[in-house]
Amino acid sequence: MTTFDDREQAFERKFANDQELEFKATARRNRLVGEWAAGLMGLATVEEYARAVVKSDFEQPGDDDVVRKVFEDLKGSGVAVSEGEVRMKMAELLAFAREQIRSGE
């Protein structure tokens, strides 16, 4: 193999690893968002709701399905929160989840 081939394979491995880490961080963020929302709604089944939020991410590409689920559930429970606040909390928790993944937690 040439040096170019070695470099190409290294970049491909790094890309695959980065994608895997981002997937894990997004799933962790969704779990954390679910736990946060369940706390606001006063649910006794926090883990069950968090799993439902994680599953909702597989409905459509992007974060809109998660935002819609959490926002609608919060609104239905009488919690006064805006869609923007949900999106801001998701961004905050994504940064937190990425840090947790990097540190090996």
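In this text, all values refer to a predicted model and were calculated from it rather than measured experimentally.

Turning to helix H4 (residues 83-103), a few remarks are in order. The end-to-end C-alpha distance of H4, which contains 21 residues, comes to 30 Å, matching closely the 30 Å that a straight helix rising 1.5 Å per residue would cover. Every buried residue of H4 is accounted for by Val86, Met90, Leu93, Leu94, Ala97, Gln100 and Ile101. Buried residues of H4 fall within an arc of 130° about the axis and therefore sit on the same side. Facing away from the buried side of H4 by more than 90 degrees, the exposed set consists of Met88 and Arg102. On its buried side, H4 packs onto helix H1 (3-41) and helix H3 (64-76). Two residues or fewer past H4, Gly104 is found with a positive phi of approximately 85°.

All right, on to the side chain of Asp65 then. Looking at the secondary structure, you find Asp65 in helix H3. Buried charge without a salt bridge: Asp65, with Arg68 as the nearest opposite-charge side chain at an N-O distance of 5.7 Å. Within the local environment of Asp65, its side chain forms a polar contact with the backbone nitrogen of Glu59, the two atoms lying 3.4 Å apart. There is a polar contact of 2.9 Å between the side chain of Asp65 and the backbone nitrogen of Gln60. Every residue in contact with Asp65, bar those within four places of it in the chain, is listed here: Ser56, Asp57, Phe58, Glu59 and Gln60.

Quick look at the packing of H1 against helix H2 (residues 46-56) now. Packing of H1 against H2 leaves a shortest axis separation of 8 Å and a crossing angle of 135°. With respect to each other, H1 and H2 are oriented oblique. The two elements H1 and H2 cross, and the hand of that crossing is right-handed. Residue-level inspection shows Ala27, Asn30, Arg31, Gly34, Glu35, Ala37, Ala38 and Met41 of H1 in contact with H2, the latter providing Val46, Glu47, Tyr49, Ala50, Val53 and Val54. Here the contact of H1 with H2 is built from residues that sort into nine nonpolar, two polar and three charged.

A separate point is the side chain of Thr26. Relative to the assigned elements, Thr26 resides in helix H1. Not counting residues within four places of it along the chain, the set of residues in contact with Thr26 comprises Asp57 and Leu94.

Under the defined criterion, the tally for this structure stands at one aromatic pair. Relative to Phe58, the ring of Phe23 lies with its centre 6.4 Å away and its plane at 40°, an arrangement referred to as tilted. Taken as a pair, Phe23 in helix H1 and Phe58 in the loop between H2 and H3 lie far apart in primary sequence, 35 residues in all. On the accessibility criterion, Phe58 (56% relative accessible area) is exposed.

Relative to the helices and strands, Glu99 resides in helix H4. Residue Glu99 is classed as partly exposed on the basis of its relative accessible area, which comes to 44%. For the pair Glu99 and Ala25, spaced 74 residues apart in sequence, the C-alpha to C-alpha distance is 8.6 Å.

Calculation rules
- Residues numbered from 1 in each chain as written.
- Predicted model: local features only at pLDDT ≥ 70, side-chain atom pairs only at ≥ 80, totals over all residues.
- Heavy atoms only, no water.
- Helix = DSSP H or I, 4+ residues; strand = E, 2+ residues; numbered from the N terminus.
- Expected span 1.5 Å × (residues − 1).
- Buried < 20%, exposed > 50% of the residue type's maximum accessible area, 1.4 Å probe, protein only.
- Arc of directions from axis to C-beta.
- Contact = heavy atoms within 4.5 Å.
- Lys, Arg positive; Asp, Glu negative; His and termini not counted.
- Salt bridge = Lys/Arg side-chain N within 4 Å of Asp/Glu carboxyl O.
- Polar contact = N/O pair within 3.5 Å; in protein donor to acceptor, adjacent residues only side chain to side chain.
- Axes fitted to C-alpha atoms, helices over the stretch in contact; angles between N-to-C directions.
- Parallel < 35°, antiparallel > 145°, perpendicular 65-115°, else oblique.
- Left-handed = near helix turned anticlockwise from the far one by under 90°.
- Nonpolar A, V, L, I, M, F, W, Y, C, P; charged D, E, K, R; others polar.
- Phe/Tyr/Trp six-rings, centres within 6.5 Å; stacked < 30°, edge-to-face > 60°.

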